[in-house]
Amino acid sequence: MYYLLYGICYLISLLPFRALYVLSDGIYLIIYRLVGYRKKVVHKNLANSFPEKSEEELREIERKFYHWLCDYFLEAIKLLSISKKQLDKHFILTNPEVITDCFKEGQSVGTILGHYCNWEWLSCVGKDFDNENWKVGLVYHPLNSPASDRLFRKVRSSIPNGVPIPKKDTLRYLVEYKREGIMSIFGYVYDQAPKWENIHLWLPFMNQDTPVFTGAERIMRKMNNAVFYVEMSRPRRGYYTCTYHLITKDPKSLPEYEITKRFFKMLEQTIRSHPEYYLWTHNRWKRTHEEFDQLFVVENGKVLKKKDPQEEK
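Overview of the structure. Residue numbers here run from 1 along each chain, matching the order of that chain's written sequence. pLDDT decides what is reported in this predicted model: residues at 70 or higher carry local features, side-chain atom pairs at 80 or more are listed and counted, and totals for whole chains, interfaces and linings draw on all residues regardless. Note that the side-chain values use all heavy atoms of the structure and ignore hydrogens as well as water.

1. Thoughts on the overall build of the protein
Point 1. On a plain count of helices and strands, the protein comes out with 12 helices and 11 strands.
Point 2. Scaling as 2.2 N^0.38, a compact globule of 313 residues should have a C-alpha radius of gyration of about 20 Å, and the protein matches this with 20 Å.
Point 3. Working definition: with a 1.4 Å probe on protein chains only, accessible area under 20% of the residue-type maximum means buried, over 50% means exposed, and in between means partly exposed. With 313 residues in all, the protein has 50% of them scored as buried.
Point 4. Should any heavy atoms of two residues lie within 4.5 Å, those residues are counted as being in contact. Sequence separation of 24 or more characterises 77% of the internal contacts of the protein that already satisfy a separation of 6 or more. Only DSSP runs of H or I covering at least 4 residues are called helices, and only runs of E covering at least 2 are called strands; the numbering of each starts at the N terminus. C-alpha atoms define the radius of gyration, and 2.2 Å times the number of residues to the power 0.38 defines the globule rule.

2. Observations concerning the pattern of salt bridges
Point 1. Salt bridges are defined as contacts in which a side-chain nitrogen from Lys or Arg sits within 4 Å of a carboxyl oxygen from Asp or Glu. The tally for this structure, following the rule as stated, stands at 18 salt bridges.
Point 2. Measuring nitrogen to oxygen at the nearest pair gives 2.7 Å for the salt bridge that ties Asp-88 to Lys-84. Linking Asp-88 with Lys-84, this pair stays in helix H5 (residues 84-90), spanning 4 residues, or about one helical turn.
Point 3. Its relative accessible area of 31% is what places Asp-88 among the partly exposed residues.
Point 4. Here Lys-127 ties to Asp-128 by a salt bridge, and the two come within 3.5 Å at their closest N and O atoms.
Point 5. For Lys-127, a relative accessible area of 8% puts it in the buried group.
Point 6. Residue class for Asp-128 comes out partly exposed when judged on its relative accessible area of 34%.

3. So, the side chain of Thr-281
Point 1. For Thr-281, the position within the fold is in the loop between helix H10 (258-273) and helix H11 (289-295).
Point 2. Exposure remark for Thr-281: the relative accessible area of 6% places this residue in the buried category.
Point 3. Once residues within four sequence positions are removed from consideration, Thr-281 is found in contact with Tyr-37, Arg-38, Val-41, Val-42, Phe-65, Tyr-66 and Leu-69.

4. Notes on the packing of helix H1 (residues 2-13) against helix H4 (residues 55-78)
Helix-helix packing is described using two parameters, namely the angle between the two axes and the distance between the axes.
Point 1. At their nearest, the axes of H1 and H4 sit 8 Å apart, and the two run at 95° to each other. The orientation of H1 with respect to H4, classified from their angle, is roughly perpendicular. Each of Cys-9, Ile-12 and Ser-13 in H1 lies in contact with H4, whose residues at this interface are Leu-74, Ile-77 and Lys-78. Throughout, an axis means a line fitted to C-alpha atoms (over the contacting stretch in the case of helices), and angles, computed between N-to-C directions, take values from 0 to 180 degrees. Orientation categories follow fixed angle ranges, with anything under 35 degrees roughly parallel, anything over 145 roughly antiparallel, 65 to 115 roughly perpendicular, and all other angles oblique.

Nothing here speaks to function; it is geometry throughout.
Right under this line is the structure:
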């Protein structure tokens, strides 16, 4: 199954960008017009995030979102065969020197980002490194499908200086790199819906009370990383720019959760500028604060399930 999937995707990746987007337009008609992939989730998320917008405005964002979503999948596949020349043309890092300066000063970097624009292309930030010993840690959550998981690891393995790292092994890699004196930049996609036991903080985000996972902040504090927010923009179809915004070079100097709070404020500003490039199919707000308070309590930094009074009887 993997070899069949890889073969099909590799052939697709060989298409020029113009043909790739013709294919994307066809896929859009299928998943949006015919199948209606997660349309209820998308519309609910948009309506709750932008209560000030009219139904017509929400539908326009929705249509643009599905167009971009189809582009995203094909652009990710394109990484299987894209040349350095093409990558440099279509993906521009506006200030890569802020990362390499940290490396030269002996400090590794942690970057935090959201599911905005093409985060798979953000894996390519090592393309401008002039030192093959500098590593880009591509932290990922293994997919349920073994074939799909292997394919996306293949995509990420083709990235210059990139090292695909399962989420559970993140700290082990960081410690090993630090022990060996290897400079690294690790990217954390920081806006997933956390599991109940990983909720230690609720924040206002996109007009909704939002549970957040703070594990990445704890790791960056432990490793004393310079912390940057990664902002992506899409000037036109097939072209992306990436800009690093410094949050802190001394994470331990900030109050607990301050890095997380700053990130979500910055991400919301980015989303509101062009909301069609955010992953609205993700059921981000499926867990509510009210339900959390009914079922769980936080003691000594740990989320514990409340005892059922009926069980005590």
